Amino acid sequence: MALRRAAWQAQQMQVPVVSSRESWKRNKAKTLHKLKDEIRGFIYIFALWRKTLQKIGGNFGGGVQSFFLFLRFLVVLNFVSFLLIAGLVLTPSIVFRSVATGIVNSSVPEQCMEYDPNPQDLVMFYNYFLDLLSGTGFMEYSYMFYGYYNNTMVVNENFSYNISLAYLFTAVFYFIFCLICIIARMGTAARVAVATGGSAVGNYSMIVFTSWDYGCLGDRATKLKQKNIHYRLQVDLEEERIKKRAAALTLRQKILLYSLRVGMALIAFGLIIAAFYCIFLATVFSQANSNQEGILGLIFQYLPSMVITAGNFVVPLLCDQIALIEQYSPSTTVIIALLRAVFLRLVSLGVLLFTLWSQITCNGNTSSTECTPCQYNHKEYPCWETRIGQEMYKLTLFDFLINIAVLVLVEIPRRIVVDNWSCKLAQWVGRQEFVVSSNVLGLVYGQTVVWTGALFCPLLPLINTVKFVILFYCKKITLFYNCRPALKTFRSTTSAFFFLVVLMFGWGLATVVMVYALAVIHPSMGCGPFRFFLNMWEIVPTSFYNLSATTQEFLFFIGSQAFSIPLCVLFCVLMCYFVAFASVYGNSVSLLRAQLKLEGRDKQFLVKQFEEVRRRLQIPGDIADD
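Residues numbered from 1 in each chain as written. Predicted model: local features only at pLDDT ≥ 70, side-chain atom pairs only at ≥ 80, totals over all residues. Heavy atoms only, no water.

This part takes up the overall build of the protein chain. Along the protein chain, the regular secondary structure elements total 20 helices and 5 strands. Classification of the 626 residues of the protein chain by burial places 40% in the buried group. Of the contacts formed within the protein chain by residues at least 6 apart in sequence, a portion of 77% connects residues at least 24 apart. Looking at the protein chain as shown, the accessible area adds up to about 36,300 Å², and 66% of this sits on carbon and sulfur atoms. (Helix = DSSP H or I, 4+ residues; strand = E, 2+ residues; numbered from the N terminus. Buried < 20%, exposed > 50% of the residue type's maximum accessible area, 1.4 Å probe, protein only. Contact = heavy atoms within 4.5 Å. Areas by Shrake-Rupley, 256 points an atom, 1.4 Å probe, with all protein chains shown as cover.)

Right, let's get into the state of the cysteines. On inspection of all chains with the given rule, the structure shows 1 disulfide. Cys178 takes part in no disulfide bond, and the closest cysteine sulfur to it belongs to Cys181, at a distance of 6.5 Å. On the basis of relative accessible area, Cys178 is assigned to the buried category, the value being 0%. Of the cysteine sulfurs around Cys572, a residue in no disulfide, the closest is that of Cys568, at 4.2 Å. (Disulfide = S-S within 2.5 Å.)

Right, let's get into the confidence of the model for the protein chain. Residues at a pLDDT of 70 or more form 80% of the protein chain, whose mean pLDDT is 77. Mean pLDDT in the protein chain bottoms out at helix α1 (residues 2-13), which sits at 50, and peaks at helix α15 (residues 460-482), which reaches 90. (pLDDT = per-residue confidence, 0-100.)

Scanning the entire structure with this criterion turns up 2 salt bridges. Residues Glu391 and Lys394 are paired through a salt bridge, measuring 3.3 Å at the closest nitrogen-oxygen approach. Pair noted here: Glu391 and Lys394 are both in helix α12 (residues 384-420), with a separation of 3 residues, about one helical turn. Like Lys394, Glu391 is buried. (Salt bridge = Lys/Arg side-chain N within 4 Å of Asp/Glu carboxyl O.)

Here the focus is the packing of aromatic side chains. Counted according to the given criterion, the structure contains 16 aromatic pairs. Here Tyr143 and Tyr148 contribute two aromatic rings whose centre-to-centre distance is 4.7 Å and whose plane-to-plane angle is 85°, an arrangement assigned as edge-to-face. An identical accessibility class is assigned to Tyr143 and Tyr148; each is buried. Judged by its relative accessible area of 19%, Tyr143 falls in the buried class. An aromatic cluster is built from Tyr141, Tyr143, Tyr146, Tyr148, Tyr149, Tyr167 and Phe530, whose rings are joined through pairwise contacts. (Phe/Tyr/Trp six-rings, centres within 6.5 Å; stacked < 30°, edge-to-face > 60°.)

See below:
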């Protein structure tokens, strides 16, 4: 005993020798880590809707919470984007409008310069309301749309500002900024998915032993955390049950199941194609009757929006019923529903844009009679950029009004009837479930419309910010007062990453539209900051040759091979480094999982050996436990 005590005292007296430099590095690392944690905690206090999101996660699970987190991300993204546009385009346009000089080109045909959206006669009061809904009249000739911005330039001895160049670069940087934000958030979601195992089952030990937050204080926080863990376990158990059932299928049953899925997929694809054709017919009819006045003219103008909204409601509803027959797992069902709805919503927007393009450019034949003088159909579209901006404005406004109308006229009355009427039909219908996939697609569709129209309607990100803020509270009311907990849940780690992948599809569609508008179509000659250029991008080389010789040489060097090739090599090295880094982490996670499985098997083996020894020695169970 004395020998053990002496050995223990000797161990306590052994102090590792550390140099002063190493000690300074450790103290610096600890200080930085502590400062970083304090900053994160301080920022977390001011996080938007923090308590509401905790309550949603506790009552309805991480899947529903991921939708509201996604909505909060879009609110912040749109607001920051508006600040960018307001600082670089809107504010300079307002300040320099009266003092700047405009670029004049006398070679433009006079008939192409005709554009006067301001009404000359007396306007009735209700027409202002119609103009507010349709984006025409006083709304058309305002800072809301492309046509109101001039090709002005402020030049003096110490300062110069080109509104046209700022307009173009702000639009390009806006898209790049949104892409960077999406990729950064995708990286965070991917790390969480890898760390938690993604869609893999068998994480029960991790959930049971590491999910509890010992900082929970009070009955309310404790119950919310208990419900959150309950939903996570429910998701894992359901995934494993479906996986076991699929593994038990015979070859004949698998062939029948896959044949059924292929047939159902073809039916869903046929419904989507039919919706596209209806959108095409509605857009052609709307543009042909856009000169109508009054309420009838407003209905004709909103006809494409109505058809798109009806298609986005009916077709996914039918596809959801088809998905029930296909017998996928809950997470896979959400992904399949999202893919079909993405294809429907984004391509329906593409059909609308293609129809407008065919009428603006005379089906791509600019040498036809309608497009010969101005290189575009000036008679029907004297300022085609503003017309596209109006269409995107109407789509955004109509989508918002539909969400409000559904809440007030459908969801609240349904809840009142179900809660207060004991009829069998009412009880069979029951309260609605909060369908995450359709709600996410509504957000992606709305954000894609904003990206598509941002070049032609610069204030659209501000409108979308207000829309999403109001939509957050509407969805919160729907979730807590009108919905019941979902019968089938899904994993939030994979869904959060997949939401951003779907958002990338919308960003890609909007980017194609922006690049085509900048580089191919001739700008309107009677409006906008690019009225005297062959295309919008032409202002970049024109402004480049107006720079000083030193600046031109510097920019030429950046674009030369001597700079671009080493930069490309550096990016390739960094990419290989991060890919290798991710691979090492992935292998480490796989090895740790395999080690946990082996340890679990070893413990099972030891338990079996213990039970066998106990039976041989005939030791009672209560004595063995002691």
